[in-house]
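What the coordinates show
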Amino acid sequence: SVETPASQKRESRLRKFRELHLKRNEARKLNQQEVVEEDKKRKLPSNWEAKKARLEWELAEDHKKKECAARGEDYHRVKLLDITADDAERWERKKKKKNPDTGFAGYAEAQFRQYQRLTKQIKPDLDNYEKQREECGEDFHPTPNSLIHGTHVPTKAGIDRMVEDLEKQIDKRSKYSRRRAYNDDADIDYINERNAKFNKKAERFYGKYAGEIKQNLERGTAV
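Residues numbered from 1 in each chain as written. Predicted model: local features only at pLDDT ≥ 70, side-chain atom pairs only at ≥ 80, totals over all residues. Heavy atoms only, no water.

**Concerning the overall build of the protein chain**
When you go through the protein chain residue by residue, the secondary structure sums to eight helices and zero strands. Classification of the 223 residues of the protein chain by burial places 6% in the buried group. Of all intrachain contacts in the protein chain linking residues separated by at least 6 positions in sequence, the fraction that spans at least 24 positions is 28%. Summed over all atoms, the accessible surface of the protein chain reaches about 22000 Å², with 55% contributed by carbon and sulfur. (Helix = DSSP H or I, 4+ residues; strand = E, 2+ residues; numbered from the N terminus. Buried < 20%, exposed > 50% of the residue type's maximum accessible area, 1.4 Å probe, protein only. Contact = heavy atoms within 4.5 Å. Areas by Shrake-Rupley, 256 points an atom, 1.4 Å probe, with all protein chains shown as cover.)

Below, the structure is given as structure tokens:
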């Protein structure tokens, strides 16, 4: 049978209608997916993107360190080869502006600065994180009814890291300026505490030049 122009026209319209129907369903699915993704992003913390970028950067840095260790190279030396003088100067200015060293202002501020320094040194171990989450199950996010006290056992690497940091703190404290102990056997060549400090500074800077003159004065043979 030969199709009439009217039937051909109707078939063409039906075909266009089916195509439009399929496109509408596809657009509806894509729109629904975008809504779901937007809802997920809205529920995430405000700094999620920055944290994600930071974690990805730390993982990439850790991978580079392992590659350098496998080749027997110093990671810090290899890294410095890719840094220009302008970048190094800009980062140094940014670091000083972000965390200026104001000196000792109080024990609370000193403790807070130490806390910031220690937290910046923490490197996330995602493998151990996933392992702990699987082992703890629902107790990984404890509630008031969870009984997890005393169940955590630190790893040997964590203990070694803590010991290493404590040794660094002890070594750093040993270099602090401190009040010197009084020596009863030392010669008394001062009239008060202020004069004693002045004499110590003079001895430190000029002692090796004036040693002979001082000995002559003490013996009474000075000219």
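**Quick notes on helix α8 (residues 193–219)**
Taking 1.5 Å per residue, 27 residues should reach 39 Å; α8 reaches only 26 Å between its end C-alpha atoms and comes up short. Most pronounced at glycine 207, the bend in α8 amounts to some 90 degrees. Inspection of α8 places Ala196, Asn199, Gly207 and Asn216 among the buried residues, and these make up the whole buried set. The opening residue of α8 is asparagine 192, an N-cap whose side-chain oxygen sits 3.3 Å from the backbone nitrogen of arginine 194. At the exit of α8 stands glycine 220, carrying a positive phi of roughly 80 degrees. (Expected span 1.5 Å × (residues − 1). Bend = angle between axes of the 7 residues up to and from the residue. Polar contact = N/O pair within 3.5 Å; in protein donor to acceptor, adjacent residues only side chain to side chain.)

**Comments concerning a positive patch on the surface**
A contiguous patch of positive charge, built from Lys9, Arg13, Arg15 and Lys16, is present on the exposed surface. Locating lysine 9 in the fold gives a position in helix α1 (residues 5–43). (Patch = residues over 30% accessible without salt bridge, like charges linked within 9 Å, V, L, I, M, F, W, Y side chains within 5 Å. Salt bridge = Lys/Arg side-chain N within 4 Å of Asp/Glu carboxyl O. Lys, Arg positive; Asp, Glu negative; His and termini not counted. Charge placed at Lys NZ, Arg CZ, Asp CG, Glu CD.)

**Examining a nonpolar patch on the surface**
A contiguous nonpolar surface patch, about 330 Å² in accessible area, is contributed by Ile159, Met162, Val163 and Leu166. In this fold, valine 163 is placed in helix α7 (residues 156–173).

**Here we look at a negative patch on the surface**
Taken together, the side chains of Asp187, Asp189, Glu203 and Glu218 define an acidic patch exposed on the protein surface. By secondary structure assignment, the location of aspartate 189 is in the loop between α7 and α8. We classify aspartate 189 as partly exposed; its relative accessible area is 45%.

**Here's the deal with the pattern of salt bridges**
Going through the model one piece at a time under the given rule, you end up with eight salt bridges. The salt bridge involving glutamate 11 is made with arginine 18; its shortest N-O contact spans 3.8 Å. Residue classification places arginine 18 among the partly exposed positions, given a relative accessible area of 45%.

**With respect to the confidence of the model for the protein chain**
Close inspection of predicted coordinates is inappropriate for parts of the model with low pLDDT. With 89% of its residues at a pLDDT of 70 or more, the protein chain shows a mean pLDDT of 79. Within the protein chain, helix α4 (residues 85–98) has the poorest average pLDDT of any element, 74, and α7 the best, 86. (pLDDT = per-residue confidence, 0-100.)

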